[in-house]
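As a plain string of letters, each chain reads:
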Amino acid sequence: MLEPLRQGLPPTDPSGVAGSASCALPARYEAVGGARQFTRSTLERWELGDRFDDVALVVSELVTNALRHALPSDPPREFQDPPVRLHLMRWSSRLVCAVRDPSRESPVAGEAADSAESGRGLFLVECVSDSWGWHPSPAPAGEPPSARVYGKVVWALFRLSDCAKNGQ
């Protein structure tokens, strides 16, 4: 899942991997609150609670986009896993939030009218994170080879401060 994310980034020292956490999210908008709670507890466990506000904003936007734009109105019964998953991954110098969904459509950062109540999610992700992107997600293990692409992963990267790198 991470190989496309690594492209164009400084090399990641395998010894610097500090942790990863993942949670499945139901196809309901209430899942956004659960994703924020999962993010808070994970960041606190990793002693990165001071990054919660920015990371939670990005998680909220990525999960909301997955729920709003990536799920069919009548989900197929073939989903054995909940169709949306949140992944948080921490290295010594970076934190990545990634949301997997079943859509093969690329995310589009749109221009929202000043009076619009939505449409700025990816703009906020771009402003708050150090970088973001997406890539196709391979089919989960056990899927037939014909299901070459399961959906996509939309990710956002946060660089961590020197204090976080040293575990202080």
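So, how was this worked out
- Residues numbered from 1 in each chain as written.
- Predicted model: local features only at pLDDT ≥ 70, side-chain atom pairs only at ≥ 80, totals over all residues.
- Heavy atoms only, no water.
- Helix = DSSP H or I, 4+ residues; strand = E, 2+ residues; numbered from the N terminus.
- Buried < 20%, exposed > 50% of the residue type's maximum accessible area, 1.4 Å probe, protein only.
- Salt bridge = Lys/Arg side-chain N within 4 Å of Asp/Glu carboxyl O.
- Phe/Tyr/Trp six-rings, centres within 6.5 Å; stacked < 30°, edge-to-face > 60°.
- Lys NZ or Arg CZ within 6 Å of the ring centre and 35° of its normal.
- pLDDT = per-residue confidence, 0-100.
- Contact = heavy atoms within 4.5 Å.

### Digging into the overall build of the protein chain
Then step 1. For the protein chain, the count of helices and strands is five helices and five strands.
Then step 2. In the protein chain, which comprises 168 residues, the proportion classed as buried is 43%.

### Regarding the pattern of salt bridges
Then step 1. For the structure on display, the rule yields two salt bridges.
Then step 2. Residue D101 pairs with K152 through a salt bridge whose shortest N-O separation is 3.0 Å. A residue pair is termed long-range when its members are at least 10 positions apart, and D101 in strand β3 (residues 94-101) and K152 in strand β5 (residues 149-159) qualify at 51 residues. Each member of the pair D101 and K152 is classed as buried.

### Considering the packing of aromatic side chains
Then step 1. Under the definition given, this model contains zero aromatic pairs.
Then step 2. Seen from the ring of F52, R40 lies directly overhead, with NZ or CZ sitting 3.8 Å from the centre.

### A word on the confidence of the model for the protein chain
Then step 1. When pLDDT is averaged across the protein chain, the result is 78; 65% of the residues are at 70 or more.
Then step 2. Here helix α1 (residues 3-6) stands out as the least confident element of the protein chain, with mean pLDDT 48; helix α2 (residues 31-45) is the most confident, with 97.
Then step 3. Note that residues 4-11 has pLDDT below 50 and, in this model, eight contacts with residues that lie over four places away or in other chains.
Then step 4. Note that residues 164-168 has pLDDT below 50 and, in this model, eight contacts with residues that lie over four places away or in other chains.

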